[in-house]
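Remarks on the overall topology
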Amino acid sequence: MKKISAIILLAFMLMLCATAVYAAVAAEAAKAPTDAAHLTYFSNVQMACAIGIGIAAVGTGIGMGHGIGGACQGIARNPEASGKITVTMILGLALIESLAIYALVIVFIVLYMNPFKVV
């Protein structure tokens, strides 16, 4: 469990460091807007979106696995309570899945916004 916590903490720290790098790249691209700068920005955005939705999918998958495992153990220990446990499990899984959907919405917003568009 400590290894998983350390890996998750490391991933968050890397994401925080990556935001500073992307901000520096975006600042340089804003100074001299060329086609190469636009392509670099959009390729970085696509990579960030892919990594972001991957992390969200892994996190929700782990959460769902723990929830289903706990429900199976609860039903095995007390079969009479299987109805209540199943309802609670389904509600919890729906809430966990909503987190992945929120991450997908954020990824789509970041992916399709165009900071180089002149208004």
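Above this note sits the structure.
Computed from a predicted structure; not experimentally measured. Here, residues in each chain are numbered from 1, in the same order as that chain's written sequence. Given that this is a predicted model, residues contribute local features only at a pLDDT of at least 70 and side-chain atom pairs are listed and counted only at 80 or more, while totals for whole chains, interfaces and linings are drawn from all residues. Note that the side-chain values use all heavy atoms of the structure and ignore hydrogens as well as water.

1. Let's talk about helix H3 (residues 82-112)
- In this text, helices come from DSSP runs of H or I with a minimum length of four residues, and strands from runs of E with a minimum of two, each type numbered from the N-terminal end. A helix is expected to span 1.5 Å for every residue after the first. Between its terminal C-alpha atoms H3 stretches 45 Å, which fits the 45 Å expected from 31 residues at 1.5 Å a residue.
- Only protein chains enter the accessibility calculation, which uses a 1.4 Å probe; a residue whose area is less than 20% of its type maximum is buried, one above 50% is exposed, and one in between is partly exposed. Inspection of H3 places Leu-93, Ser-98, Ala-100, Ala-103 and Val-107 among the buried residues, and these make up the whole buried set.

2. Here's the deal with the packing of aromatic side chains
- Here a pair means two rings of Phe, Tyr or Trp (six-membered ring of Trp) with centres within 6.5 Å. Their orientation is stacked below 30 degrees between planes, edge-to-face above 60, and tilted elsewhere. Summed over all chains, the structure comprises one aromatic pair.
- Between the aromatic rings of Phe-108 and Tyr-112, the centroid separation amounts to 6.2 Å while the plane-to-plane angle is 35°, which identifies the pairing as tilted. Taken as a pair, Phe-108 and Tyr-112 lie in helix H3 at a separation of four residues, close to a single helical turn.
- Take Phe-108: its relative accessible area is 43%, and that puts it in the partly exposed class.
- Residue classification places Tyr-112 among the exposed positions, given a relative accessible area of 65%.

3. Overview of the layout of surface pockets
- Estimates place the volume of the largest pocket at around 280 Å³.
- Lining the largest pocket we find Met-1, Ile-4, Ile-7, Ile-8, Ala-11, Phe-12, Met-15, Ile-55, Val-58, Gly-59, Ile-62 and His-66.
- Listed by contribution, the elements that provide at least two residues to the lining of the largest pocket are helix H1 (2-31) and helix H2 (35-77).
- Among the elements that take part in the lining of the largest pocket, H1 stands out by supplying six residues, more than any other. Cavity and pocket criteria rest on a 1 Å grid covering protein atoms alone: a 1.4 Å probe that fits but cannot get out defines a cavity, protein on both sides within 12 Å along at least 5 of 7 lines defines an open pocket, and an atom within 4 Å of a point defines a lining residue. Grid points are joined across faces, edges and corners, and a volume is the space filled by probe spheres set on the points.

By themselves, these are just geometric observations and shouldn't be taken as functional.
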